[in-house]
Amino acid sequence: QYGVLVPETPGYNSRCAASGRLGSQLICTLDKSGVYVIRVGTGTWDYEGQYLLGIQRLNSPQSATSIEFDESVEGTITQNLERHYYTFTANPEDRVDIIITRTDGDIEPWFELYDKTGSLVPETPGYNSRCSASDKKSAQKTCTLEKSGVYTIVVGNNAWDYTGSYRLTVNR
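Here goes a summary of the coordinates provided.

Definitions and limits used
- Residues numbered from 1 in each chain as written.
- Predicted model: local features only at pLDDT ≥ 70, side-chain atom pairs only at ≥ 80, totals over all residues.
- Heavy atoms only, no water.
- Helix = DSSP H or I, 4+ residues; strand = E, 2+ residues; numbered from the N terminus.
- Buried < 20%, exposed > 50% of the residue type's maximum accessible area, 1.4 Å probe, protein only.
- Contact = heavy atoms within 4.5 Å.
- Areas by Shrake-Rupley, 256 points an atom, 1.4 Å probe, with all protein chains shown as cover.
- Pairing = 2+ DSSP bridges.
- Salt bridge = Lys/Arg side-chain N within 4 Å of Asp/Glu carboxyl O.
- Phe/Tyr/Trp six-rings, centres within 6.5 Å; stacked < 30°, edge-to-face > 60°.

### Some remarks on the overall build of the protein
Phase 1: Within the protein, the secondary structure is distributed over zero helices and nine strands.
Phase 2: Tracing the protein from N to C terminus, the helices and strands come up as β-β-β-β-β-β-β-β-β.
Phase 3: Among the 172 residues that make up the protein, the fraction classed as buried is 31%.
Phase 4: Nonlocal contacts in the protein, meaning residues at least 24 apart in sequence, comprise 69% of its contacts between residues at least 6 apart.
Phase 5: Accessible area of the protein: about 11400 Å², with a carbon and sulfur share of 45%.

Written as structure tokens, this is what we have:
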């Protein structure tokens, strides 16, 4: 809605806004269809420069690559804030082991797991811990999935200025 600040999560008082010196990522839930405006600017008047802006749905993301259980896929991060999206289908109570490993360059790989509604998946249903992980060379997390459906893994680089390649594996 034009002229109205959108909350980060419908029904809560936090607004959908982010800032950062080298970049930022923000995930907001839009509960109404329509036209939205994104305002981009600097925090002060005396800075100028280029920026990269990207928008991606987390529920049914476009350009996502399908991955099967016990399969590995490889990818390359070539720029700051670049994200890759992978989808897989799971059943209720499936325990999935997600592993991401740097294979070249100096990226610090990370991932987050989202359900079919675009909500971040907890590591264990009913708890606050997230099904996400990052580390210098390799990251791994085992998570129990509560619902059946399509899940999305978002992969990126935890170090702002580094590039490189990774291998992603999902096991059940």
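### As for the sheet that holds strand β3 (residues 84-90)
Phase 1: Spatially, the five strands line up as an open sheet ordered β1-β3-β8-β5-β6, and their pairing is mixed. In the strand order of this sheet, the two ends are held by β1 (65-66) and β6 (132-134), each with one partner.
Phase 2: Of the strand pairs in this sheet, β1 and β3 are connected by two bridges, and their pairing is parallel. If you follow threonine 65 over to β3, its bridge partner there is tyrosine 86.

### Remarks on the pairing of strand β5 (residues 109-114)
Phase 1: Burial of β5 is extensive: six of the six residues sit out of reach of the surface.
Phase 2: Residues Pro109, Phe111 and Leu113 point to one face of β5 and Trp110, Glu112 and Tyr114 to the other, with burial holding for every one of them.
Phase 3: Where β5 lies against strand β8 (residues 149-157), six bridges are found, and the strand directions are antiparallel. Among the inter-strand pairings, tryptophan 110 is bridged to a residue of β8, identified as glycine 156.
Phase 4: Here three bridges tie β5 to β6, and the two strands are oriented antiparallel to one another. Across the sheet, the residue bridging to phenylalanine 111 is alanine 133, located in β6.

### Topic: the pattern of salt bridges
Phase 1: Tallied over the entire structure, the rule returns six salt bridges.
Phase 2: Salt-bridge contacts for arginine 167 lead to glutamate 74; the nearest nitrogen and oxygen are separated by 3.4 Å. A residue pair is termed long-range when its members are at least 10 positions apart, and arginine 167 in strand β9 (residues 164-171) and glutamate 74 in strand β2 (residues 71-77) qualify at 93 residues.
Phase 3: Relative accessible area serves as the criterion here: at 33%, arginine 167 is assigned to the partly exposed category.
Phase 4: A residue is classified by how much of its surface remains accessible, and glutamate 74, at 55% relative accessible area, is exposed.
Phase 5: Aspartate 94 is the partner of arginine 172 in a salt bridge, and the nearest nitrogen-oxygen pair spans 3.0 Å. Remark: aspartate 94 occurs in the loop between β3 and β4 (95-105) and arginine 172 occurs in the segment after β9; sequence separation between them is 78 residues.
Phase 6: A residue is classified by how much of its surface remains accessible, and aspartate 94, at 11% relative accessible area, is buried.

### Some points on the packing of aromatic side chains
Phase 1: The final tally for this structure, using the stated rule, is two aromatic pairs.
Phase 2: Look at phenylalanine 88 and tyrosine 151: their rings are 5.8 Å apart centre to centre, the planes differ by 15°, and that puts the pair in the stacked class. Of this pair, phenylalanine 88 sits in strand β3 while tyrosine 151 sits in strand β8, and the two are 63 residues apart along the sequence. Residue phenylalanine 88 shares its accessibility class with tyrosine 151, and that shared class is buried.

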